[in-house]
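# What the coordinates show
Below, each chain spelled out in residue letters.
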Amino acid sequence: MARPGSGLLVPMNGVGYPPQNLARVVVWEWLNEHGRWRPYSAAVCHHIENVLKGDARGSVVLGQVDGQLAPYIIDLQSMHQFRQDTGTMRPVQRNFYEPSSAPGKGVVWEWENDNGSWTLYDMEICVTIQNAYEKQHPWLDLTSLGFCYLIDFNSMSQTNRQSQRKRRLRRRMDLAYPLIMGSIPKSQSWPVGASSGQPCSCQQCILVNSTRAASNAILASQRRKLYGGTVGNSGAMGTLTAVRQSNTFTGTSLWSPTSGSSSTNNNNISVGGGISKSEPVQSPPSSVNFPCSPVMPSLSSSHGHHALTINGQNNLNRPGTQRISMGTARGAVPPGVPALPVKNLTGSGPVHPALAGMTGILMCAAGLPVCLTRAPKPILHPPPINKSDMKPVPGINGMRRKTKKKHLKRGKNPEDVVRRYTEKIKVVPDEDCTICMERLVMSSGYEGILQQKGIKPELVGKLGKCGHMYHLLCLVAMYNNGNKDGSLQCPTCKSIYGEKTGTQPPGKMEYHVIPHSLPGYLDSKTIRIVYDIPAGMQTNEHPNPGKKFSARGFPRHCYLPDNEKGRKVLKLLIMAWDRRLIFTIGTSSTTGESDTVVWNEIHHKTEFGSNLTGHGYPDPNYLDNVMTELLAQGVGEDNLKDNS
């Protein structure tokens, strides 16, 4: 069954198309860095629809209706959002909902973030919350949608079931999303062709379009050989065997219906994971589906009337519903038929669509059946865990660390710090100082720019451990330009003198053992680390003192195996946290946002049950690699011995 409020149950008119007077609400969405489809506001969606009516291949300037979106443009032909100042591109999609659902009524559900401002829920969640609210349910559990949150309508709050953190939520009225009439458009979450029905010009379409007619004939021939039948009555079971042409590149309609007889002469067509109460028929895979192709329905026999079930138009792209959709699609694939995962346009997945398409055609031509599937979504979090199941990490005291606003450690003065770690050179070699790029036998390039009592511009010093030589005045200038925490770092070999500290904002770090195993470490439980840093104000140590900084994606969950090496890495990470080296304030390489909390060159594993993003397991080299990164920050195993 489709979840109430998020789908459509559309009576068929007997020819494979819905009535022309059917109304739907349109919601445009963009894909964020966490794989979630985020809705644009109703005003922005109205603007996009108005542009779409005039030119289906044009561009939409979002800043015309929302000043905060001034850098963004949507290209309707490629279905991507482009940020002009950073060059960041993100897929967009056009989704459809009932007029009686939350977007159709102009109902908006939001949660309060760390800045005290309000953030809109994903539209699918918003629809679900509104449906429960209208039915006067006292609470709503979002676990089935992939979120460990409990919504309490009495207190109007959202509670994280893992951390028990509670946030306020609110319901408000806004502009209703645009309403359209007519036949259901084809999927528009990937590049599509012009409204004339011509195929799109993306790489995979160009590559395979010339072979479409041949592949249709090959597919039909192989199905007849494999299933040994044609469309028709197959006996008491009433199963329908359909042979359908490939619709991958026709660019004309959402499906190509094939009529046939069965014991009941009625069909249910399910799109996007809708489940019929009847038994599914034995129909072979109908076509080779690429990301730019429409979603193909599966035929089934039913005692009901003709119906089309749509759980939103593009549910195959939604993390919370993909498991249902893919499970339904794979159920129709005969045993032994290989399934090739196809990557989408964001780059995830092992097989390029064009390569997979040609592979499928060649396998079919050789008499081998094949079905191309979407690549799976990453498993970011473990199953829900009770607080009583979270245990302390063996050998480590406590389960949390906090950092507060405090002054950095400072040396007596820059001159004392430089002299502490250097030796004077009597015979100066004729080589460059790699800080000012002047010859060491000459005066420092900072002469006349920096005045430091007790240090003459021509004095040269050698760092104690690595032996690299610089003008002492250059080392003072470098120290003054850093954290001024009493430590020095050689600019040539990165050797650290003293205890290096960072500019990480205040926050907390929690760590505990959970009763689940990571891929590649099935014999061990898992150490979960939870970082939580709230937004705040930048200080003198940050890029823009006095300006607010944002903190996106917190709390952040990271994972280590609960074995000897994993516990050693945790101890080093705790030390790095205490020295404020895990995070810093800068520009996000993912979103292009400036003045935000970002990782500080110490990689973490944030993907629990897979490694599709490269930030998960199995990764046999990760523990060694992260220890090398920590050592580069001055946090090594020697420090653990010193503290023991």
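What you are looking at is a predicted structure, and each value in this text was computed from that prediction instead of being measured. (Residues numbered from 1 in each chain as written. Predicted model: local features only at pLDDT ≥ 70, side-chain atom pairs only at ≥ 80, totals over all residues. Heavy atoms only, no water.)

Another point: the overall build of the protein. Helix and strand content of the protein: twelve helices and 32 strands. Burial status across the protein gives 49% buried among its 644 residues. Sequence-distant contacts, at least 24 apart, represent 66% of the contacts inside the protein between residues at least 6 apart. For the protein, the exposed area adds up to about 30,600 Å²; of that, 52% sits on carbon and sulfur atoms. (Helix = DSSP H or I, 4+ residues; strand = E, 2+ residues; numbered from the N terminus. Buried < 20%, exposed > 50% of the residue type's maximum accessible area, 1.4 Å probe, protein only. Contact = heavy atoms within 4.5 Å. Areas by Shrake-Rupley, 256 points an atom, 1.4 Å probe, with all protein chains shown as cover.)

Met509, Ile529, Tyr531, Leu560, Leu570 and Leu573 are the most contacted members of the largest nonpolar core, which totals 42 residues. Elements that contribute at least two residues to this core include exactly strand S26 (507-514), strand S27 (526-532), strand S30 (556-561), helix H10 (564-578), strand S31 (583-586) and helix H11 (622-632). Residues contacting Ile529, with those up to four places away along its chain left out, are Met509, Glu510, Tyr511, Arg556, His557, Cys558, Leu560, Leu570 and Leu573. Counting 41 residues, the second-largest nonpolar core is a separate cluster that includes Trp28, Ile48, Cys126 and Ala132. (Core = buried A, V, L, I, M, F, W, Y, C linked by side-chain atoms within 4.5 Å.)

Time to look at the sheet that holds strand S21 (residues 422-424). Read across the open sheet, the three strands follow the order S21-S22-S23; overall the sheet is antiparallel. Strands with a single pairing partner mark the edges of an open sheet, and in this sheet they are S21 and strand S23 (469-471). Between one strand and the next, the sheet's axes are offset by a mean angle of 40°, whatever the strand orientation. Here helix H9 (residues 472-480) sits on the sheet in contact with S21, strand S22 (460-463) and S23, set at roughly 85° to S23. (Pairing = 2+ DSSP bridges. Axes fitted to C-alpha atoms, helices over the stretch in contact; angles between N-to-C directions.)

Turning our eyes to something else, we now look at the sheet that holds strand S20 (residues 400-403). Read across the sheet, four strands follow the order S20-S26-S27-S30 without closing on themselves; strand pairing throughout is antiparallel. The strands lining the two open edges of the sheet, one partner per strand, are S20 and S30. The mean angle between the axes of side-by-side strands here comes to 15°, regardless of whether they run parallel or antiparallel.

So, about the packing of helix H8 (residues 414-421) against H9. Angle between the axes and distance between the axes: these two values describe a pair of packed helices. Running from N to C, H8 and H9 cross one another at 120°; their axes reach a closest spacing of 9 Å. When the axis of H8 is compared with that of H9, the two are oblique. When the axes of H8 and H9 are compared, the crossing they make is right-handed. For the pair H8 and H9, contact is made by Pro414, Val417 and Val418 and by Leu472, Leu475, Val476, Tyr479 and Asn480, respectively. Split into classes, the residues belonging to the contact of H8 with H9 amount to seven nonpolar, one polar and no charged. (Parallel < 35°, antiparallel > 145°, perpendicular 65-115°, else oblique. Left-handed = near helix turned anticlockwise from the far one by under 90°. Nonpolar A, V, L, I, M, F, W, Y, C, P; charged D, E, K, R; others polar.)

Here we take up the packing of H10 against H11. Packing of H10 against H11 brings their axes to within 10 Å, and their N-to-C directions diverge by 25°. Judged by the angle between their axes, H10 and H11 are roughly parallel. Viewed along their axes, H10 and H11 form a crossing whose handedness is left-handed. Taking contact as the criterion, the partners of Lys565, Gly566, Lys568, Val569, Leu572, Leu573 and Ala576 in H10 are, on H11, Leu623, Asp624, Val626, Met627 and Leu630. Counted by class, the contact of H10 with H11 contains eight nonpolar, one polar and three charged residues.

Quick look at unusual backbone geometry now. Cis geometry marks the peptide bond from Phe554 to Pro555, where omega comes out at 0°. Structurally, Pro555 is set in the loop between strand S29 (548-549) and S30. Along the chain, Tyr617 connects to Pro618 via a cis peptide bond; the corresponding omega equals 5°. Inspection of the secondary structure assignment puts Pro618 in the loop between strand S32 (596-599) and H11. In the Ramachandran plot, Met156 falls in the positive-phi region, its phi being about 50° despite a non-glycine side chain. Relative to the helices and strands, Met156 is located in the loop between strand S11 (149-152) and strand S12 (157-160). Although it is not a glycine, Lys494 sits at a positive phi angle of roughly 70°.

So, on to the pairing of S12. A two-sided burial pattern is seen for S12, the buried positions comprising Ser157 and Thr159 on one face and Gln158 and Asn160 on the other. With four bridges connecting them, S11 and S12 associate as antiparallel partners. In the sheet register, Ile151 faces S12, and the bridge partner there is Gln158. Following S11, the chain reverses through four residues before pairing antiparallel with S12; Met156 in that reversal takes a positive phi of roughly 50°. As paired strands, S12 and strand S13 (residues 166-173) are joined by three bridges and run antiparallel to one another.

Along the chain, Asn32 falls in the loop between strand S2 (23-31) and strand S3 (37-39). A polar side-chain atom of Asn32 sits 3.0 Å from the main-chain amide nitrogen of His34. Here the side chain of Asn32 touches Arg36 through a polar contact of 2.9 Å, landing on its backbone nitrogen. Leaving out residues up to four positions away in the same chain, Asn32 has contacts with Arg38 and Arg90. (Polar contact = N/O pair within 3.5 Å; in protein donor to acceptor, adjacent residues only side chain to side chain.)

Turning to the pairing of S30, a few remarks are in order. Working note: regular strand, side chains alternate between the two faces of the sheet. Across the six residues that make up S30, a large majority, six, are buried. What you see with S30 is no split at all: Arg556, Cys558 and Leu560 on one side and His557, Tyr559 and Pro561 on the other are buried throughout. As judged from the six bridges shared by S27 and S30, these two strands associate in the antiparallel manner. When the sheet's bridge partners are listed, Val530 is paired in S30 with His557.

Applying the stated criterion across every chain, the model contains 13 aromatic pairs. Taken together, a centroid distance of 6.5 Å and an interplanar angle of 25° make the contact between Phe147 and Tyr149 stacked. Of the residues examined, Tyr149 reaches a relative accessible area of 25% and is grouped as partly exposed. If you follow Lys465 out to its NZ or CZ, it ends over the ring of Tyr497, 4.9 Å from the centre. A cation over an aromatic ring shows up here: Arg556 above the ring of Phe554, its NZ or CZ 4.3 Å from the ring centre. (Phe/Tyr/Trp six-rings, centres within 6.5 Å; stacked < 30°, edge-to-face > 60°. Lys NZ or Arg CZ within 6 Å of the ring centre and 35° of its normal.)

Under the counting rule described, the total for this entry stands at 27 salt bridges. Overlapping salt bridges bring together Glu110, Arg170, Arg172 and Asp174 as one network. (Salt bridge = Lys/Arg side-chain N within 4 Å of Asp/Glu carboxyl O.)

If you check helix H3 (residues 123-134), its first and last C-alpha atoms are 16 Å apart, about what twelve residues at 1.5 Å a residue would give, namely 16 Å. Across the twelve residues that make up H3, a large majority, ten, are buried. Burial in H3 covers these residues: Met123, Glu124, Ile125, Cys126, Val127, Thr128, Ile129, Gln130, Asn131 and Ala132. Among the residues trailing H3, Gln136 stands out with phi positive, at a value near 60°. (Expected span 1.5 Å × (residues − 1).)

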